[in-house]
Amino acid sequence: GNSVTQMEGPVTLSEEAFLTINCTYTATGYPSLFWYVQYPGEGLQLLLKATKADDKGSNKGFEATYRKETTSFHLEKGSVQVSDSAVYFCALNPGAGSYQLTFGKGTKLSVIP
Amino acid sequence: NAGVTQTPKFQVLKTGQSMTLQCAQDMNHEYMSWYRQDPGMGLRLIHYSVGAGITDQGEVPNGYNVSRSTTEDFPLRLLSAAPSQTSVYFCASSRSSGGYTFGSGTRLTVV
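Predicted model only: the values in this text are computed from it and were never measured.

*Asks:* Honestly, the overall build of chain B in this entry has me stumped. Any pointers?
*Replies:* Of regular secondary structure, chain B possesses 0 helices and 11 strands. Along chain B, from the amino end to the carboxyl end, the secondary structure elements read β-β-β-β-β-β-β-β-β-β-β. For 111 residues, the compact-globule estimate of 2.2 N^0.38 gives 13 Å, and the C-alpha radius of gyration of chain B, at 13 Å, lies within 12% of that figure. Summarising the internal contacts of chain B: among those between residues at least 6 apart in sequence, 52% fall at separations of at least 24. Per element, the accessible surface of chain B, about 5,100 Å² overall, is 49% carbon and sulfur. Separation between the mean location of the 8 positive side-chain charges and that of the 7 negative ones in chain B comes to 9 Å.

Okay, here's the thing in structure tokens:
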């Protein structure tokens, strides 16, 4: 079946540090890949997505590249801010008309001044 | 603003009580789903629907019922609340594969 594995947190970084949150997946076919962000007390928001191999999704300074050869979709940001403190979820949709998303367990990021 | 609206935001129930969590979307999305979020467990799918009149079970359906009489609404019913159902519940909708829009959640405590 489909699965998503994220690095376990929590992750604590100083402001302006480089961020990487690892995400690997298992899926058959050609899945689409997503990163969602959840700020404290809120629902999940779509951060970025990639629909095919070698695509790069980007938004708000965050980037992730769909690597089919390593089945990975790692989230990166060059310089984090306190306002980036949140929980980040990697997810996949298996494609072929499916609506369902399979989520990783989430990685909590705390950025300290 | 367009989006997914969940009510109530907070609820405390006694064991054995029943209640309905409301979810409405105004984006004409055909797909709607309910998740629960518990510490260390991530998001777990309870029930989902691919259109009016069609519902199906997710990963953790026991103790919950759903119906989808209209495209807009997808209520979640707790039949007889148990402390194990203490959680944060999220409703989500989508028009096509991926790209979910989530509601802001209902924090439920069962005592």
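*Asks:* Help me understand the overall build of chain A, please; the structure alone is not making it clear to me.
*Replies:* A tally of regular secondary structure across chain A gives 0 helices and 12 strands. Reading chain A from its N end, one meets helices and strands in the order β-β-β-β-β-β-β-β-β-β-β-β. Computed over C-alpha atoms, the radius of gyration of chain A comes to 14 Å, within 12% of the 13 Å expected from 2.2 N^0.38 for 113 residues, which places it in the range of a compact globule. The dimensions of chain A, computed from C-alpha atoms along their principal axes, are 45 × 25 × 20 Å.

Thresholds applied
- Residues numbered from 1 in each chain as written.
- Chains lettered and ligands numbered in written order.
- Predicted model: local features only at pLDDT ≥ 70, side-chain atom pairs only at ≥ 80, totals over all residues.
- Heavy atoms only, no water.
- Helix = DSSP H or I, 4+ residues; strand = E, 2+ residues; numbered from the N terminus.
- Rg over C-alpha atoms; globule rule 2.2 N^0.38 Å.
- Contact = heavy atoms within 4.5 Å.
- Areas by Shrake-Rupley, 256 points an atom, 1.4 Å probe, with all protein chains shown as cover.
- Lys, Arg positive; Asp, Glu negative; His and termini not counted.
- Charge placed at Lys NZ, Arg CZ, Asp CG, Glu CD.

By themselves, these figures tell us nothing about what the structure is for.
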